[in-house]
Amino acid sequence: MNFAKRLLSIVMILAVLFAFAGCGGSTAGAEELLKTYFSALNGFNTDAMAKCIVSDNEYKIGFSTETISDGYVQTDNYKKSVESMFKGLSNTFSFIINSTEAVDKTTVKFNVTVKHADVNEEAVNNYVQGKVDNYVTKHPSYFDLNEIEQSDTSIAVMADAYNQYLQITERVTKDIDILVTKVGNNWKIETAKNYQLFSLLTEVFAE
């Protein structure tokens, strides 16, 4: 093989290697972002979640968490109890990436299996209410508390009962596609392009 042919072969090999390296780097960056988001969601770290998201709605994390709040005074203790329930629920989430596809230079599609606690509204309400009723029966001094103290006490008992329920309930799984896209120079999860993911999170966390 003469020098020109040898040089051409080397150039072609390098071109292929660089092409693969480019694809691998692009996919790797998107996957790293997705895993960062999964980790933040699993710990219900809303600040970290928001950094991974580009939202087309009013919620910085893409879905509402305004539950168990109407009609109650929002004391710090109350808020901590509500947060513990969200964290307990988010901690039941797990994610497995089944496949990765580089759609183009700015879009990577992942097929992901999501598993989380199956929180049946009627079942969890009955379980929690039973725990609250039992607490009140055993602690008649509850009725000597003022309205705010009763609210804080009730939500604390509810939070403990809810987190107990999460440990004993079944897990459900669902396969969804998630698109991670380049927004400027950064990989992000855009809510407008990920209806499956954010409708699932809304269903689990907000309804």
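Calculation notes
- Residues numbered from 1 in each chain as written.
- Predicted model: local features only at pLDDT ≥ 70, side-chain atom pairs only at ≥ 80, totals over all residues.
- Heavy atoms only, no water.
- Helix = DSSP H or I, 4+ residues; strand = E, 2+ residues; numbered from the N terminus.
- Buried < 20%, exposed > 50% of the residue type's maximum accessible area, 1.4 Å probe, protein only.
- Contact = heavy atoms within 4.5 Å.
- Areas by Shrake-Rupley, 256 points an atom, 1.4 Å probe, with all protein chains shown as cover.
- Pairing = 2+ DSSP bridges.
- Salt bridge = Lys/Arg side-chain N within 4 Å of Asp/Glu carboxyl O.
- Phe/Tyr/Trp six-rings, centres within 6.5 Å; stacked < 30°, edge-to-face > 60°.

Caption draft 1: Highlighting the overall build of the chain. Helices and strands together make up the secondary structure of the chain, namely six helices and five strands. Helices and strands appear in the chain in the N-to-C order α-α-β-α-β-β-α-α-β-β-α. By the burial criterion, 35% of the 207 residues in the chain qualify as buried. Taking as baseline every contact in the chain between residues at least 6 positions apart, the subset at least 24 positions apart corresponds to 67%. As presented, the chain carries roughly 12400 Å² of accessible surface, and 52% of it is formed by carbon and sulfur atoms.

Caption draft 2: Summary view of the pairing of strand β2 (residues 94-104). Relative to strand β3 (residues 107-117), β2 runs antiparallel, the two sharing nine bridges. Bridging from a neighbouring strand, A102 pairs with V108 of β3. Where β2 folds back onto β3 in an antiparallel hairpin, the turn is made up of two residues.

Caption draft 3: Unusual backbone geometry, seen in detail. In this structure, F44 is a non-glycine residue whose phi angle is positive, near 50°. By the element assignment, F44 lies in the loop between α1 (3-42) and α2 (46-52). Residue classification places F44 among the buried positions, given a relative accessible area of 8%.

Caption draft 4: Focus on the pattern of salt bridges. Scanning all chains against the criterion turns up five salt bridges. Between D47 and K60 there is a salt bridge, with the nearest N and O atoms lying 3.4 Å from each other. Placement of D47 in helix α2 and of K60 in the loop between β1 (53-54) and α3 (76-90) is noted, with a sequence separation of 13 residues between them. Across the salt bridge formed by K193 and E190, the nearest N and O atoms sit 3.3 Å from each other. According to the relative accessible area criterion, K193 is partly exposed, its value standing at 44%.

Caption draft 5: Representation of the packing of aromatic side chains. Per the stated rule, a full pass over the model turns up nine aromatic pairs. With a centroid separation of 5.6 Å and 15° between ring planes, the pair formed by F93 and F205 is classed as stacked. Residue F93 is located in the loop between α3 and β2, and its partner F205 is located in helix α6 (residues 195-205); the two are separated by 112 residues in the primary sequence. For F93, a relative accessible area of 3% puts it in the buried group. Judged by centre distance (5.7 Å) and plane angle (55°), the rings of Y127 and Y165 are tilted.

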